[in-house]
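# Per-entry structural report
In case you want the letters, here they are:
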Amino acid sequence: MFPLFWASLAFLAGVLFAKWVHLPLSLWLASALLALAVTLFMAHTHITFPRLRNPALLAACALSFGLGAARLEAAIPRVDISQLAWFNDRAYDLLVSGTLIEPADYRDQYTNLRLQVSEVDTGLNRFRVSGLLLARVPPNRVYHYGEMVRLRGRMQTPPENEEFSYRDYLAYQGVLSYMPVAEVTRLPGFGGNPLVAAMYALKERALERVYRLFPDPEASLLAGILLGVDSALPARLQQAFRNTGTAHIIAISGFNISILAGLFMTLFSRLLGWRRGAVLAVLGIAFYAFLVGADAAVVRAALMGTLSLLALQVGRRQQALNTLAFVAALMALANPFHLWDVGFQLSFLATLGLILYAEPFGRAAEHWLRRGAEVFKAQLETERILAPLSEYVLLTLAAQLTTLPIAAYHFKQISLISLIANPFILPAQPAVMVLGGLAVALSLLFFPLGQAMAWIAWPPTAYTIRMVELWNRSPAGVLYLEKFSFAWVALFYGVLMALTFGARRLRGLLQSLRAHFQYLSTTAVLAGLLSGTLLTWRLLAAVPDGRLHLTFLDVGSAEAVLIRTPGGRHILINGGPSTSSLSDALGRRLSPLDHRLDWLIIASPDEAQVASLPRLLDRYPPRKALWAGREQASFSARSVDAWLTDHGVPVVFAEEGQTLDLGLGATLRVVNVSSRGATLLVEWKPFRALLPIGANFETLEQLERGRALGPVEVLLLAQSGYAPLTPPDWIENLNPALAVLSVAAGDRNGLPDPETLEALDRHPLLRTDQNGWIEVITDGSQMWVNVERKAPPPEPGESTR
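On a predicted model such as this, the values are computed, not experimentally measured, just so you know. (Residues numbered from 1 in each chain as written. Predicted model: local features only at pLDDT ≥ 70, side-chain atom pairs only at ≥ 80, totals over all residues. Heavy atoms only, no water.)

In this section: the overall build of the protein chain. Scanning the protein chain from terminus to terminus reveals 27 helices and 25 strands. The proportion of buried residues among the 801 residues of the protein chain is 47%. Partitioning the intrachain contacts of the protein chain with sequence separation of at least 6 by distance along the chain shows that 69% fall at a separation of at least 24. For the protein chain, the accessible area works out to roughly 39400 Å², and carbon and sulfur atoms hold 61% of it. (Helix = DSSP H or I, 4+ residues; strand = E, 2+ residues; numbered from the N terminus. Buried < 20%, exposed > 50% of the residue type's maximum accessible area, 1.4 Å probe, protein only. Contact = heavy atoms within 4.5 Å. Areas by Shrake-Rupley, 256 points an atom, 1.4 Å probe, with all protein chains shown as cover.)

Here it is as structure tokens:
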């Protein structure tokens, strides 16, 4: 590696380090100056150190590290009365005047405006300020870049929650203020740049032409691909692109342009030769960047795309890596917050993947094709096979190898169908872009000519959408990862880089280990393989599948319900009397690498319902708890309450109407709170499961004997089938598709009551005493049921219930 590579990496590392370790700007600058002095001194005196190959490079890296940290510290905004953010979160309306710095972002229900603010009027005083504001205004009005407007509304700090920080997202773009509801008044004058205004005017004309030339949804897809306006795509179709791992097609990112740059290079080099093809490909990327607006994100993506051409064509990986690191450092110098932008990360990593792996993957594919031809004694034209394979499969694989972990971390999902879907969809993209772009360009000159070209461009665009929708229907095509830790990301990249740059050393280590452990028997090797297989099987069994799982555990005459959300979170409701039974059941279902529960819900604090929990919580600690009923209702409830307090677990007390988000639209709602506890309702689309674990007689009346809820798919019978809490009209009004009874074999109280079984005569019933654990799985529309064992046949004269 050249010194430029390490110095650039050091600068980036300094920026990242300063995000977590805040020191005064003067201290960072002083450390950088000290490193500079050391570097110059060592270069002048030619001092060497026996154990240090290049001390001057180390000092230069220290200088770059200090400058990177200083750059971030200098970029952190200092809010005072001259800054717009000073007026955030005031309990009164403000009048804010400024200039639109980009075209409006039109949505179905609202329009987003981004302003460079020049003045704030509080009603008592006017203040000259600077800062960016994002405002949400009513829809169906047209706004243009450079317009001067005045907004009236309450300004606030952008919100954030556990799932997503809108505050950080906007702050990285320099926006610290947000007006969620605003009234707009246009002001006279123009505050923009005439050249930029002309560029945006061309973009608006092109967008208008797209919707005149093409029908939807093809028009909205082309608006995203050609012009970077993807907000008009329906949410369902956007989700389909994400699920199939093809969102890079419509997102203006380095991932998109890197793939398309490779495709352009292949196309143009075949027509015009390597050198002219490379020039034309770069010009094509530049034109594309200009067409979609040439903002900072697009320029960054275009630079990364051009670098991908360098990676593929120069043939010297070290030069490409140097250039990639240097350009990334330059971007961080311009705006250090780029490093936390998902688009920047995907751009950088996609280009890195192409630099490191595109050529090796191509060589490996050629090797295996030749070996296959030798085995089958076939005559293969390797070049003709390898060219489309490299274009549509290997480039995608190289880019996805390095982007997969960071995409999984940010988006909490992995497309399992991506590698299959992309080869079917990517071949159409050059035609989509070239023909669609030609249609729009010609329509600006002579509309009928553009319309004729649009008829030619429509089939590949329609094909793209239909293929995305087709692959989106694939079962288990998406892996949801709500608990994907950044530690896994770091581990993945650490192992990947070790294998990439330390392959020879690793090979030598393996040979050394093989020599030292020759005494290992075949049995030991097989045992190790079997252990690894079992561990892998257990890990895969705990992987989220995008479905909701409700497992009614066999814990005797009490309730213990384990919910696994579509994204893989685990929620335990109550626990029953036996610690060993509950611990065994959880151990078989939770990941062996993570024993924590996301939520513990105490739906009834009765002794029999929670007696297993005090000793279980050390094994399966919860992150949060929801509590219904009195904390002092039983000895075990008091013990659980003390454990939660001692371990600092946040406890939320149940209230009627309270809702937990289970992901993908699924919810768990508290429909009633009584002196015994809570009645819970799990809902996802049409699917509904009622869990009246803490119900009493007042619950029946407050819920109008079930009429207030209506039919449900799954009904858990209250108190192990106690007849007064499961009257016939309750069951009739709820009309469950499946009734679940949690009861011990030979219950000492004689439960379930015969009257309960009689009332369930026309409804399917599963019982834990006969069926063991009962698992209900749903995707919100369909329901599947698994049981531990089938119920034994009834004895002669015995009720089938």
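Counted under the stated rule, the structure contains 10 aromatic pairs. Judged by centre distance (6.3 Å) and plane angle (75 degrees), the ring pair of Tyr145 and Phe190 falls under edge-to-face. Of this pair, Tyr145 sits in the loop between strand E5 (132-137) and strand E6 (147-153) while Phe190 sits in strand E8 (residues 183-190), placing them 45 residues apart in sequence. The exposure class of Tyr145 is buried, given its relative accessible area of 14%. In this structure an aromatic cluster arises from ring pairing among Phe17, Trp28 and Phe65. A cation over an aromatic ring shows up here: Arg547 above the ring of Trp784, its NZ or CZ 4.4 Å from the ring centre. Over the face of the ring belonging to Trp773 we find Arg589, whose NZ or CZ atom lies 5.2 Å from the ring centre. (Phe/Tyr/Trp six-rings, centres within 6.5 Å; stacked < 30°, edge-to-face > 60°. Lys NZ or Arg CZ within 6 Å of the ring centre and 35° of its normal.)

As a further point, take the pattern of salt bridges. Taken as a whole and assessed by the stated rule, the structure comprises 18 salt bridges. Here Arg789 and Asp554 are joined by a salt bridge, their closest N and O atoms 3.9 Å apart. Taken together, the positions of Arg789 in the segment after strand E25 (783-787) and Asp554 in the loop between strand E11 (548-552) and strand E12 (560-564) put the pair 235 residues apart, joining distant regions of the chain. On the accessibility criterion, Asp554 (31% relative accessible area) is partly exposed. (Salt bridge = Lys/Arg side-chain N within 4 Å of Asp/Glu carboxyl O.)

To continue, consider unusual backbone geometry. Cis peptide bonds are those with omega within 30 degrees of zero, and the linkage from Asp216 to Pro217 qualifies with 5 degrees. Among the structural elements, Pro217 can be located in the loop between helix H5 (194-213) and helix H6 (218-227). Residue Leu751 is joined to Pro752 through a cis peptide bond whose omega torsion reads 0 degrees. Considering the arrangement of structural elements, one finds Pro752 in the loop between strand E22 (738-741) and helix H26 (754-759). Residues other than glycine seldom take positive phi values, yet Glu704 does so here, at roughly 55 degrees. Examined against the element boundaries, Glu704 turns out to sit in the loop between helix H24 (697-702) and strand E21 (714-716). A relative accessible area of 40% places Glu704 in the partly exposed class. Positive phi, normally seen in glycine, also occurs at Gln719, with a value near 50 degrees. Tracing the sequence through the fold places Gln719 in the loop between E21 and helix H25 (728-734).

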